[in-house]
Amino acid sequence: MTHERLVSPLASFGSADLAEVGGKAANLGELLRAGLPVPPGFVVTTGAYAAAARAVGLDAKLAAGFGGASAPATPSSAVPSPAVTSPTSVAPGTGDNGAGDDGGPVSEAVALTAAPDATTADPAGSDAPGPSDAAPLPDAAELRADLEGAPVPDDLRDAITAAYAALGTDVPVAVRSSATAEDLPGAAFAGQQDTYLNVIGADQVVDAVRRCWASLWTDRAVAYRRERAIDPAEVRIAVVVQAMVQSDVAGVMFTADPVTGDRDRVVVDAGAGLGEAVVSGLVTPDHYVLDERGTLLDWSPGRGEVVVRSEAGGGVVHGSGPSGEARERLLTDEQLAVLAGHARAIAEHFGRPQDIEWSISDGRTHIVQARPMTALPPPSVPLNRRQRLLGAVLTEYLPTRPYPMDVSTWLGFGPAKMMRDLMADLGVAAAFENYLREEDGVVVELVPPAPHPTPRALLTPVKLIHRARSYDVNTWREDPVLTRFLRDADELDALDLPALTWPELLRVPQRTLDLMGPSRELRAAYLPGTAIALGRLVAATALLGRRSLLGDLLGGARTRTEDANQALQDLADRVRSVPELRELFATADPAGVLAAVREGAGPVAAFGDQLDAFRREFGRRETATPLLVSPPTLAESPESVIGLVSVLVDQPRGEDRGSRSERALARLLTHPLLRSARARRRMTRWVRAAQQGMAFREDSHFYFTASLPALRRSLLEIGARLAKAGVVEEPFDVFHLRMEEVLEVADVEAMPAEQAERLRSLVRARSAKRAELTGVRMVDPARVFPPKNTGNALVTGTPASAGTATGTARIILDSTDFHRLDSGDVLVCPYTNPSWTPLFQRAAAVVVDTGAVASHAAIVAREYGIPAVMGTGTGTTTISDGDRITVDGGTGRVTPAS
């Protein structure tokens, strides 16, 4: 081995040496240089690993696709539903240097799953579709075995032995992995590589170094890198060896609150003994919240279930902690102040919030690790009333984090822009403008704007009255603008995208966005008349004391949503009438039903034909939100349709809404003030106009997604060609790019190498950033939906549909969960849209994280006469699936069932 620095003191490295010593060692070297109390040690550099890897032929194996260098794509339908790959079971790791760390010599068995999450969300929109499907590759174990048995050349062994002796005679040390991709912003790699504690003796240190090398190829580390689009051939690993701190108390601290995102807090967790117990979750630690100066603001005692100590001959032992008695604080005010001082210094040095591991031995504090905090929520800031009102809308319509392609296409120039233009036309500024904050091209925060009137608002009443008189909402379906719009949408759907040239294909997304123009024109023309008709009927029923009839009165007009619901009822009727189908729906999940239908014959195959007809007729609808193009449409989600049908199979066909509406009108016309024929005719006209207004509101929503499937198909075709050119791994990865970045590609088949690498780098970086933000909300729901004095309530929200109902809570996060709702359950969900409507026939009540009284869920709940509570903020996370709860739609309270 001829490398200049195989082994060097830790203090000789810093942030400029990342490629040589990895993230952990580089950060520790920086802290030593800054004068922080870091235990002394040395680093076995990445050059030593690279030589060992070459000696066992690892480079050649990686080139052949070993160890996660490539992975087969999951077979899919014509347009795949995006999915993510993530470890679902990782054994707890071993701590480091008395403070805990990033995994230890534990079982390598890790279960992986490709979990579609196109619509999985929280009220703040923390997550969204992921790009890849993969499974652990069996050759990873072979690579580990090769490295664990790799020969250590004499010069390297001698260098390690000399550096170890410099620390003292047979001094206990911690041997820790330091990969070149870890402890960096967006990729902490916590728990991915191994650490060995209380290692004693030069031979044992050398052996621990080899095992750290091998831990670069654990299944969990391979999966973590793949999820973040990190090329395995580019990753190297160094090993840090430090004097062991025999801690009296140790733990972790954060220089910002990891839950609220507050940057003026220091959060400290502490446990007795080595920090492994805290970091690996073996113990409930003491929990301290400090201000920036180190003043204690809050403390909750831990339970001290486990204490980890060093053994005399090497290794560690897990013992039982004290039990059954009140525990005093493990840390004094003075110790907390010292920790807070170090926290401030470290955060200031690195320029961003830090996750720090520390230990205290014989009264002296040691810093044993620092890395950037990942998954940190944006700071929680107060919102004014106008921001909260618009925030309730935005959190409902953005349940998932937008991709860069969303922002630069449908979200930026689709329905949201249409609403922004309509509001500006009415003299309202700053509505739906600048509400997303991005970092490195990835949306990190939703900041609800504060709309305000402009001088143009003075002309709004005149403008509305003129439009209401000029455009009769009863005739909107005959408007030639709608005819042309639907014709153009059909033409886009009929495009043979694979047959288009690259320039022709690049023009398709803009063609789909241009169809927002006719949608905007129709809404601007007919919404004023709709508003006047609805307002007039609301006022009339209130004056007559008949407001209770309003919901049924407005449900009389036929809408495309109602047509879709009737078509679903027809599918359910067919299932009920065919024993084979009835048995299939009773015993299989939606994916199993779909597979059986595709392979079936006779009545089962006929059901498949009817299902396909439904998808052709109504498949342009969104599954998650009308504002994003990244989630699949209903046509791409036959399992979601089957889930809706399964909800209706055991539910008797309800009364036609038109019949209910006619009965409500008949009751209204019996009012004494409507005795004259003239008064009854006038009231009937008012009801019909309001019904048509509601139909226009519903159907214009249905139609403005007409070009969404063509946009999504064109983007995925662009992605497929970029994948063929080697720019992205698979078509869905194109959503990590912005449209303008794709438009810069003049010829996808003759792309300059520099341009291709730049696009690849953008996809990798944004994928890693997005992975970092998994589970992180875009806005604090408590700011949008301020919690009320709950008393014994689990959650509270806006009363949206009166009544009280008790039932089993069923958490339905997205369309893939539809089939789980049983009759009489309480539907608890992050949001709804029109495709969720059939669920209301089965639900006893509905509780929604987002929205308000005018939201889809509230309107439909009132139509079906079930209680509804909107805008709870945290219903899906506070209420547990299967809980018995009582929903009071009149007070907005959800309580445990008595």
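Residues numbered from 1 in each chain as written. Predicted model: local features only at pLDDT ≥ 70, side-chain atom pairs only at ≥ 80, totals over all residues. Heavy atoms only, no water.

**Regarding the overall build of the protein**
- Secondary structure assignment for the protein yields 31 helices and 27 strands.
- The buried share of the protein, reckoned over its 898 residues, is 57%.
- When the accessible surface of the protein is totalled, it reaches about 34,900 Å², and 53% of it is carbon and sulfur. (Helix = DSSP H or I, 4+ residues; strand = E, 2+ residues; numbered from the N terminus. Buried < 20%, exposed > 50% of the residue type's maximum accessible area, 1.4 Å probe, protein only. Areas by Shrake-Rupley, 256 points an atom, 1.4 Å probe, with all protein chains shown as cover.)

**Things to note about the pattern of salt bridges**
- Enumeration according to the criterion identifies 50 salt bridges in this entry.
- Between Arg766 and Glu741 there is a salt bridge, with the nearest N and O atoms lying 2.8 Å from each other. Here the residue Arg766 occupies a position in helix H28 (residues 753–772), and Glu741 occupies one in helix H27 (residues 739–743), the gap between them amounting to 25 residues.
- Where Asp825 meets Arg810, a salt bridge forms, and the shortest distance between an N and an O atom there is 3.3 Å. One end of the pair, Asp825, is in the loop between strand S22 (804–811) and strand S23 (826–829); the other, Arg810, is in strand S22, and 15 residues separate them in sequence. Each member of the pair, Asp825 as well as Arg810, is classed as buried.
- Salt bridges sharing common partners tie together Arg352, Arg437, Glu439, Glu445, Lys769 and Glu772. (Salt bridge = Lys/Arg side-chain N within 4 Å of Asp/Glu carboxyl O.)

**Points about the nonpolar core**
- Judged by nonpolar contacts, the single largest core of 100 residues is most densely connected at Ile718, Leu722 and Leu827.
- Not counting the four nearest positions on each side in its chain, Leu722 is found in contact with Trp502, Val727, Val728, Val734, Leu737, Val748 and Met751.
- Formed by 40 residues, the second largest nonpolar core is a distinct cluster that contains Val152, Ile160, Tyr164 and Val222. (Core = buried A, V, L, I, M, F, W, Y, C linked by side-chain atoms within 4.5 Å. Contact = heavy atoms within 4.5 Å.)

**Notes on the sheet that holds strand S2 (residues 41–44)**
- Across the sheet, which stays open at both edges, the five strands sit in the order S1-S2-S7-S5-S6 with antiparallel pairing between neighbours. The outermost strands of the open sheet, each flanked by one partner alone, are strand S1 (7–9) and strand S6 (195–199). Mean inter-strand twist for the sheet, computed between neighbouring axes without regard to direction, equals 20°.
- In terms of strand pairing, S2 meets strand S7 (residues 237–243) through four bridges, oriented antiparallel. Pairing of Phe42 across the sheet is with Val241, part of S7.
- Across the sheet, helix H1 (residues 18–33) lies against S2, strand S5 (173–179) and S7, angled at about 125° from S5, the strand it touches most.
- The strands touched by helix H5 (residues 154–166) are S1, S2, S5 and S6; relative to S2, the strand with the most contacts, the crossing angle is about 165°. (Pairing = 2+ DSSP bridges. Axes fitted to C-alpha atoms, helices over the stretch in contact; angles between N-to-C directions.)

**Examining the packing of H1 against helix H9 (residues 333–350)**
- The interhelical angle for the contact between H1 and H9, taken along N-to-C directions, is 115°, at an axis separation of 11 Å. Taken together, the axes of H1 and H9 are roughly perpendicular relative to one another. H1 and H9 meet at a crossing whose hand is right-handed. Residues Asn27, Glu30 and Leu31 of H1 lie in contact with H9, whose contacting residues are Ile346, His349 and Phe350. (Parallel < 35°, antiparallel > 145°, perpendicular 65-115°, else oblique. Left-handed = near helix turned anticlockwise from the far one by under 90°.)

**Description of the sheet that holds strand S27 (residues 893–896)**
- Spatially, S20-S27-S26-S22-S23-S24-S25-S21 is the arrangement adopted by the eight strands of the open sheet, whose pairing is mixed. The open sheet terminates on both sides in strands that have one partner only, identified here as strand S20 (795–796) and strand S21 (798–801).
- Its contacts with the sheet put helix H30 (residues 856–864) on S21, strand S24 (845–848) and strand S25 (868–870), and the angle it makes with S21 is roughly 45°.

**What to know about the pairing of strand S10 (residues 286–291)**
- Of all six residues that make up S10, five are buried, and the element is covered over most of its length.
- Strand direction decides the pairing type here: S10 and strand S11 (residues 296–300), joined by four bridges, are antiparallel. Within the sheet, the bridge partner assigned to His287 lies in S11 and is Ser300.
- The antiparallel hairpin formed by S10 and S11 contains four residues in its connecting segment, where Gly294 sits at a positive phi of about 95°.

**As for H1**
- The end-to-end C-alpha distance of H1, which contains 16 residues, comes to just 15 Å, noticeably less than the 22 Å that a straight helix rising 1.5 Å per residue would cover.
- Bending of H1 peaks at approximately 80° at the position of Lys24.
- Among all positions in H1, only Val21, Gly22, Gly23, Lys24, Ala25, Ala26, Asn27, Leu28, Gly29, Glu30 and Leu31 are buried.
- Looking at the buried positions of H1, the neighbouring elements they touch are S2, helix H2 (46–55), S5, S7, H9 and strand S15 (364–372).
- Positive backbone phi, approximately 90°, marks Gly35, located one or two places after H1. (Expected span 1.5 Å × (residues − 1). Bend = angle between axes of the 7 residues up to and from the residue.)

**Digging into the environment of Gln610**
- When you line up the elements, Gln610 lands in helix H22 (residues 603–618).
- For Gln610, a relative accessible area of 22% corresponds to the partly exposed category.
- Here the alpha-carbon distance between Gln610 and Arg574, two residues 36 residues apart in the chain, equals 9.4 Å.
- Once residues lying within four places of it in the same chain are set aside, the contact partners of Gln610 are Asp570, Leu571 and Arg574.

**Some thoughts on a positive patch on the surface**
- A surface patch of like charges, here positive, comprises Arg536, Arg678, Arg680, Arg681, Arg682 and Arg685.
- Sorting elements by how many residues they give to the positive patch places helix H25 (residues 677–703) first, with five residues.
- Looking at Arg682, the relative accessible area reads 34%, which means it is partly exposed. (Patch = residues over 30% accessible without salt bridge, like charges linked within 9 Å, V, L, I, M, F, W, Y side chains within 5 Å. Lys, Arg positive; Asp, Glu negative; His and termini not counted. Charge placed at Lys NZ, Arg CZ, Asp CG, Glu CD.)

**Comments concerning the confidence of the model for the protein**
- When pLDDT is averaged along the protein, the result is 87; 89% of the residues meet or exceed 70.
- Confidence over residues 67–138 falls short of pLDDT 50; this stretch has 247 contacts with residues more than four positions distant or in other chains.
- Per-residue pLDDT stays below 50 along residues 183–188; that stretch engages in 27 contacts with residues further than four places along the chain or on separate chains. (pLDDT = per-residue confidence, 0-100.)

**What to know about unusual backbone geometry**
- Its identity as a non-glycine residue notwithstanding, Ala375 has a phi of 55°, on the positive side.
- With relative accessibility at 30%, the residue Ala375 sits in the partly exposed group.
- You will see that Phe432, though not glycine, has its phi angle at about 60°, which is positive.
- Its place among the elements puts Phe432 in the loop between strand S16 (428–429) and strand S17 (436–439).
- A residue is classified by how much of its surface remains accessible, and Phe432, at 11% relative accessible area, is buried.

**Let's talk about the side chain of Asp814**
- Secondary-structure assignment places Asp814 in the loop between S22 and S23.
- A polar side-chain atom of Asp814 sits 2.3 Å from a polar atom in the side chain of Thr816. (Polar contact = N/O pair within 3.5 Å; in protein donor to acceptor, adjacent residues only side chain to side chain.)

**Focus: the packing of aromatic side chains**
- For the coordinates displayed, the defined rule picks out 15 aromatic pairs.
- Between the aromatic rings of Phe818 and Trp836, the centroid separation amounts to 5.0 Å while the plane-to-plane angle is 75°, which identifies the pairing as edge-to-face. Highlighted residues: Phe818 in the loop between S22 and S23 and Trp836 in the loop between S23 and S24, separated in sequence by 18 residues. Taken individually, Phe818 and Trp836 each receive the classification buried, so the pair is uniform in this respect.
- Put simply, the rings of Tyr471, Trp476, Tyr526, Phe614, Phe618, Phe696, Phe702 and Tyr703 pair up and form one aromatic cluster.
- In this structure, Arg211 is placed above the aromatic ring of Tyr196, and the distance from its NZ or CZ to the ring centre is 4.3 Å.
- One Lys or Arg, Arg682, reaches over the ring of Trp686 and ends 5.9 Å from the middle of that ring. (Phe/Tyr/Trp six-rings, centres within 6.5 Å; stacked < 30°, edge-to-face > 60°. Lys NZ or Arg CZ within 6 Å of the ring centre and 35° of its normal.)

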